[in-house]
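Observations on the model geometry
Spelled out, the chains give:
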Amino acid sequence: MIIQFGHNDVGRPDASSKFRGSVKGIGDETETVTLADGKTEVVHSYGWYLKTFVRTARAKGANVILCSPIPHKKFDSAGKFVRDWTDFRGYVAACAKAEGASYVDLCELIARRYDKLTQPEIEALFADKGTHTNDAGALLNARTLVAGLKDLPKNPLGTYFSAEATK
């Protein structure tokens, strides 16, 4: 099972943000928040959710691979691509290590591909202002993920890849 989690978790954990995020970190920290309908909810840390996902999947016999989020479309003043998700990538890596799961830093792998492209070429891979890719961007991301999965120790999914994945 490949688990990727996080695009809406950068927001605040309370109802004041567009999406209810998680508490930053990987520990057992919680925050009780009041939702728009007046109900309260206990929000856990980003890492707590990831570790819970890993443990739940493992209890059902899954081999778990944690994957960092894909990068947003961001550029510096010179038009050079800027990496993001620094904290969250660290959270995912730390959770993978703590739980003995595999880890693919998809954000970094995609960023390396973006480093070879111009700003207009990167912009052409997105369907919106910076989060969601179009078909071409999704294909680049999928190919990058397959390459990252194939580079995992012992290539645990190698027998499942199609001939397309060998290109």
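Residues numbered from 1 in each chain as written. Predicted model: local features only at pLDDT ≥ 70, side-chain atom pairs only at ≥ 80, totals over all residues. Heavy atoms only, no water.

This part takes up the sheet that holds strand β1 (residues 2-4). A sheet is described by the order of its strands in space; here 3 strands give the open sequence β1-β4-β5, paired in parallel fashion. At either margin of the open sheet sits one strand with a lone partner, and together these are β1 and β5 (102-104). Strand-to-strand twist across the sheet, computed as the mean angle between neighbouring axes with direction ignored, equals 25 degrees. Alignment of strand β4 (residues 65-67) against β5, held across 3 bridges, turns out to be parallel. Looking at the pairing, Leu66 lines up with Tyr103 of β5. Against the sheet, helix α5 (residues 135-150) engages β1, β4 and β5, with an angle of about 145 degrees to β5. (Pairing = 2+ DSSP bridges. Helix = DSSP H or I, 4+ residues; strand = E, 2+ residues; numbered from the N terminus. Axes fitted to C-alpha atoms, helices over the stretch in contact; angles between N-to-C directions. Contact = heavy atoms within 4.5 Å.)

Counting 20 residues, the largest nonpolar core has Tyr46, Leu50, Val64 and Leu66 as the members making the most contacts within it. Elements supplying a minimum of two residues to this core: α1 (46-59) and α2 (86-99). Sequence-distant contacts of Leu66, defined by excluding residues within four places in its chain, comprise Ile3, Leu50, Val54, Val92, Cys95, Ala96, Ala101, Ser102, Tyr103 and Val104. Judged by nonpolar contacts, the second largest core, of 16 residues, contains Val104, Ile110, Tyr114 and Leu140. (Core = buried A, V, L, I, M, F, W, Y, C linked by side-chain atoms within 4.5 Å. Buried < 20%, exposed > 50% of the residue type's maximum accessible area, 1.4 Å probe, protein only.)

So, on to the pattern of salt bridges. Taken as a whole, this structure holds 7 salt bridges when the rule is applied. A salt bridge links Glu99 to Arg55, with the nearest nitrogen and oxygen atoms 2.7 Å apart. Of the two residues, Glu99 is situated in helix α2 and Arg55 in helix α1; the sequence distance between them amounts to 44 residues. Exposure remark for Glu99: the relative accessible area of 16% places this residue in the buried category. Put simply, Arg83 and Asp115 hold a salt bridge, and the shortest N to O gap is 2.6 Å. Linking Arg83 in the loop between β4 and α2 with Asp115 in the loop between α3 (106-114) and α4 (119-123), this pair joins segments that are 32 residues apart in sequence. Several salt bridges share partner residues, and in doing so they unite Arg83, Arg89, Asp105, Glu108, Arg112 and Asp115 into one network. (Salt bridge = Lys/Arg side-chain N within 4 Å of Asp/Glu carboxyl O.)

Our next topic: the side chain of Ser68. As for its position among the elements, Ser68 is in the loop between β4 and α2. The residues contacting Ser68, other than those within four sequence positions of it, are Gln4, Arg89, Val92, Tyr103, Val104, Asp105, Leu106 and Cys107.

This part takes up the side chain of Lys73. Here Lys73 lies in the loop between β4 and α2. It turns out Lys73 is buried and unbridged, and the closest side chain with the opposite charge, Glu123, is 5.4 Å from it. A polar contact is formed between the side chain of Lys73 and the backbone oxygen of Asp128, at a distance of 3.2 Å. Once you skip the residues sitting within four places of it in the chain, Lys73 turns out to touch Glu123, Phe126, Asp128, Lys129 and Gly130. (Lys, Arg positive; Asp, Glu negative; His and termini not counted. Polar contact = N/O pair within 3.5 Å; in protein donor to acceptor, adjacent residues only side chain to side chain.)

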